[in-house]
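Breakdown of the fold
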Amino acid sequence: MTTHPSPISDPTAAEMHWSRWGDPAEAGPLAESAFALVDTFIGTRETPAVAPADVRLTEPLAADLVAELAEIVGAAHVLTDHETRLHRTRGKSTPDMLKIRSGDGSDSPDAVVRPANHDEVVALIDWAVRRHVALVPFGGGTSVVGGLAARRDGFAGVVSLDLLRFDKLVEVDRDSMTVVLEPGLRGPAAEALLAAEGLTLGHFPQSFQYASIGGFAVTRSSGQSSAGYGRFDSLVVGLKVATPQGTLELGNSPANAAGPDLRELVMGSEGAFGVVTAVRVRVRPLPEVRTYEGWRWPSFAEGAAAMRTLAQAGMLPTVLRLSDENETAINLAKPSEVGGESAGGCLMITGYEGTPAAVEAKKAAVTALLAGLGGENQGPDSGQAWADGRFHGPYLRDSLLDVGVLVETMETVTFWSNLDHVYTAVKDALVASLGAETLVLCHISHVYETGASLYFTVATKASEEPLPQWLAAKAAASDAMVHNGASITHHHAVGQDHKPWLAEEIGPVGVEMLRAVKERIDPTGVLNPGVLIP
Ligand SMILES: Cc1cc2nc3c(=O)[nH]c(=O)nc-3n(C[C@H](O)[C@H](O)[C@H](O)COP(=O)(O)OP(=O)(O)OC[C@H]3O[C@@H](n4cnc5c(N)ncnc54)[C@H](O)[C@@H]3O)c2cc1C
């Protein structure tokens, strides 16, 4: 087994902004065209965040407990300072941002501990059980469902178990085309290590810059190239998990009939059943060619029908997404051009990755099919503009929060036969809750033979109490999803925020099954209490 060092082993090099999405260097005011757009349609006013030193955090962990943690991982890897704990407080949803910007740090961990290996994680879990301290696994901190805001009542403290030092490519099996990755590797670091081997995972969610391998697995993430490479859960072959009952190792074969697939219990478990310390994933050769195109459709319904035809014909490109009329009109698919000129209709992005011959063949087949269905080929410019701006969209949210505009995203998934119904129901619910001046944008982000996911972006004027304003709208939209036969989440997971709707979706028997696993595997409930289990 060879261990390759990570290109980012400095724990502070990858730190996100404390009160915004992403790289602090990229944070900034809105571009002029975007500001003019929101100023006209929604109105703006300054709503700045408090200073980081003014965020009210919990009391640091008691000194005797800190000393015990230091015995397990070394004193340098137990941190209780304000800045470190601030950076490990909650995730990056709009409610998370509204709370932290207002100075509410009540979900902060009391300490941050950074183990280096599986045995240290096992020892930390033993310690947490003995001391009845809540442990919150922390990967990249990009949760948007309250997955990092553990319940603290009844516990002697809350400790963030930061996986930052789990940053290695552990093993490469070229014959089987699998690799073992440590869970704390962020997207870019994982791809850099794989690229050096001529390989790729092909998992590029919009949170790619900061989200981690372990986080992808336990939230069942889906990336922008899912049509070609698959969802993250379809890439996972094996998992190593530290639990209060000992170590669980899963995935000794490519496929088997050895009872229910327990990997499925770990994927989506969001730290409630154990801490993932290694992930074996399928990999592909690094593509020689990457090329993107834009297609214009007269309507969302016609574009969606074309996507369905592609999926059911087994002709999916690597990237396939479709913006509705509203999203196309404001150019959200091309963040640098938001508010600029738009040609109307609905913009579809297609992308192809692989060898030149494979890309050429797939592109020719898809082009013939889409043209035959009435799509208008826009050529590579709008496709490349999407690819260039694909990780920039989230920065816009925080610039809008700065000027009194409430912005958030949500997603769902349903069968093709129900897609239009759910699309309309969710939009109506959001407008009914937030008012007619609300902008609701949507795109189809992931497609399957049987259905597709819908990804909504909502923007409205923030009231004096934006948090309850948003929570009411989110509840109305979530009701609209689940009451109309769609799932509460396609790829954001459950966390704290989606629990009521998960209970409705899986019913009382499903809830009992989840509770039974939790009670047997984590009987004292120290692992991420309050998350996932209704
Ligand atoms: C701007 C933005 C864009 C996003 N775009 C996408 C997207 O395109 N596709 C998508 O799927 N998601 C997206 N997300 C959601 C988010 O990135 C995913 O949920 C991500 O998979 C979480 O990974 P993470 O490493 O950040 O985990 P964290 O946020 O650190 O943790 C998420 C949950 O998993 C638990 N956890 C983390 N690591 C481990 C581990 N090793 N073992 C056990 N439990 C663990 C945590 O306790 C927590 O409950 C986006 C989020 C943001 C903020």
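Keep in mind that what you see is a predicted model, and the values were worked out from it rather than measured.

A few words now on the overall build of the protein. Within the protein one finds 18 helices and 20 strands. The C-alpha radius of gyration computed for the protein amounts to 23 Å, which stays within 12% of the reference 24 Å derived for 534 residues, consistent with globular compactness. Along the three orthogonal principal directions, the C-alpha set of the protein runs to about 70 × 60 × 45 Å. In the protein, the proportion of contacts linking residues at least 24 apart, taken out of those at least 6 apart, comes to 76%. If you sum the accessible surface of the protein, you get close to 20,800 Å²; carbon and sulfur atoms cover 55% of it. Distance between charge centroids for the protein: 3 Å, based on 41 positive and 65 negative side chains.

It is worth spelling out the sheet that holds strand β8 (residues 178-181) at this point. If you trace the five strands from one edge of the open sheet to the other, you get β7-β8-β12-β10-β11, paired in antiparallel fashion. Of all the strands in the sheet, just β7 (169-173) and β11 (246-250) have a single pairing partner and so form its edges. Between one strand axis and the next, the sheet turns through 10 degrees on average, direction left out of account. As judged from the four bridges shared by β8 and strand β12 (residues 275-282), these two strands associate in the antiparallel manner.

So, on to the site of the ligand. Around the ligand sit 35 residues in total, of which Pro137, Thr142, Gly147, Ser207 and Ser212 are the nearest. Here an oxygen atom of the ligand sits 2.6 Å away from a polar atom, N or O, in the side chain of serine 212. One nitrogen or oxygen atom from the side chain of serine 221 is found 2.8 Å from an oxygen atom belonging to the ligand. Among the elements of the structure, β5 (134-138), α7 (213-219) and β12 are those that each provide at least two residues to the shell around the ligand. For the shell around the ligand, the element with the highest residue contribution is α7, accounting for five residues. Residues that form the shell around the ligand fall into these classes: 14 nonpolar, 19 polar and two charged.

Take the packing of aromatic side chains next. For the structure on display, the rule yields seven aromatic pairs. Ring centres 5.8 Å apart and planes at 65 degrees place the aromatic pair tyrosine 292 and tryptophan 386 in the edge-to-face group. Taken as a pair, tyrosine 292 in strand β14 (residues 289-297) and tryptophan 386 in helix α14 (residues 380-389) lie far apart in primary sequence, 94 residues in all. Both residues of the pair, tyrosine 292 and tryptophan 386, belong to the buried class. Between the aromatic rings of tyrosine 423 and phenylalanine 456, the centroid separation amounts to 6.5 Å while the plane-to-plane angle is 20 degrees, which identifies the pairing as stacked.

Here we take up the nonpolar core. Of all hydrophobic cores here, the largest spans 57 residues; its most connected members are Leu322, Met348, Leu370, Leu430, Ile444 and Leu454. Among the elements that take part in this core, helix α16 (residues 416-434) stands out by supplying nine residues, more than any other. In this structure, Val78, Ala134, Val136 and Val526 belong to the second largest nonpolar core, which totals 31 residues.

Following both chains from N to C, one finds helix α2 (residues 63-73) and helix α5 (residues 118-131) inclined at 160 degrees, their axes separated by 9 Å at the closest point. Judged on the interaxial angle alone, α5 and α2 are roughly antiparallel. Judged by the sense of rotation from one axis to the other, the crossing of α2 with α5 is right-handed. Residues Leu65, Glu68, Leu69, Ile72 and Val73 of α2 form the contact with α5, whose participating residues are Glu120, Ala123, Leu124, Trp127 and Arg131. For the contact of α2 with α5, the class distribution of residues is seven nonpolar, no polar and three charged.

So, on to the sheet that holds strand β4 (residues 111-113). Sheet strands pair by backbone hydrogen bonding; their relative direction is either parallel or antiparallel. The four strands are arranged β2-β4-β6-β5 in an open sheet whose pairing can be described as mixed. Only two strands of the sheet have a single neighbouring strand rather than two, namely β2 (78-79) and β5.

The next point concerns the pattern of salt bridges. Summed over the entire model, instances satisfying the criterion amount to 23 salt bridges. Notably, a salt bridge pairs aspartate 162 with arginine 114, separated by 2.9 Å at the nearest N-O pair. Pair noted here: aspartate 162 is in strand β6 (residues 158-162) and arginine 114 is in the loop between β4 and α5, with a separation of 48 residues, a long-range link. Take aspartate 162 and arginine 114: they sit in the same class, and that class is buried.

What follows is about the side chain of serine 323. On the secondary structure map, serine 323 appears in strand β15 (residues 319-323). Serine 323 sits in the buried class, given a relative accessible area of 4%. For serine 323, the side chain forms a polar contact with the side chain of glutamate 327, separated by 2.8 Å.

On to the confidence of the model for the protein, then. Looking at the protein, pLDDT values average 94 and 95% of them are 70 or higher. For the stretch residues 1-12, pLDDT sits under 50, and the model shows 28 contacts to residues farther than four places along the chain or on other chains.

Turning next to helix α15 (residues 393-402). Of all the 10 residues making up α15, nine are buried; the element is thus mostly covered by neighbouring parts of the structure. Those residues of α15 that fall on the buried side of the exposure criterion are Gly393, Pro394, Tyr395, Leu396, Arg397, Asp398, Ser399, Leu400 and Leu401. Buried positions along α15 lie against α1 (32-41), α4 (94-101), α14 and β18 (405-415).

It is worth spelling out the environment of alanine 364 at this point. You can see alanine 364 is positioned in helix α13 (residues 356-372). Spatially, the C-alpha atoms of alanine 364 and threonine 412 are 31 Å apart, while their sequence positions differ by 48 residues.

In this section: the environment of aspartate 324. In this structure, aspartate 324 sits in the loop between β15 and α12 (325-329). In terms of polar contacts, aspartate 324 uses its side chain to reach the side chain of tyrosine 423, at 2.7 Å.

Parameters and conventions
- Residues numbered from 1 in each chain as written.
- Predicted model: local features only at pLDDT ≥ 70, side-chain atom pairs only at ≥ 80, totals over all residues.
- Heavy atoms only, no water.
- Helix = DSSP H or I, 4+ residues; strand = E, 2+ residues; numbered from the N terminus.
- Rg over C-alpha atoms; globule rule 2.2 N^0.38 Å.
- Contact = heavy atoms within 4.5 Å.
- Areas by Shrake-Rupley, 256 points an atom, 1.4 Å probe, with all protein chains shown as cover.
- Lys, Arg positive; Asp, Glu negative; His and termini not counted.
- Charge placed at Lys NZ, Arg CZ, Asp CG, Glu CD.
- Pairing = 2+ DSSP bridges.
- Axes fitted to C-alpha atoms, helices over the stretch in contact; angles between N-to-C directions.
- Near = heavy atom within 4 Å.
- Polar contact = N/O pair within 3.5 Å; in protein donor to acceptor, adjacent residues only side chain to side chain.
- Nonpolar A, V, L, I, M, F, W, Y, C, P; charged D, E, K, R; others polar.
- Phe/Tyr/Trp six-rings, centres within 6.5 Å; stacked < 30°, edge-to-face > 60°.
- Buried < 20%, exposed > 50% of the residue type's maximum accessible area, 1.4 Å probe, protein only.
- Core = buried A, V, L, I, M, F, W, Y, C linked by side-chain atoms within 4.5 Å.
- Parallel < 35°, antiparallel > 145°, perpendicular 65-115°, else oblique.
- Left-handed = near helix turned anticlockwise from the far one by under 90°.
- Salt bridge = Lys/Arg side-chain N within 4 Å of Asp/Glu carboxyl O.
- pLDDT = per-residue confidence, 0-100.

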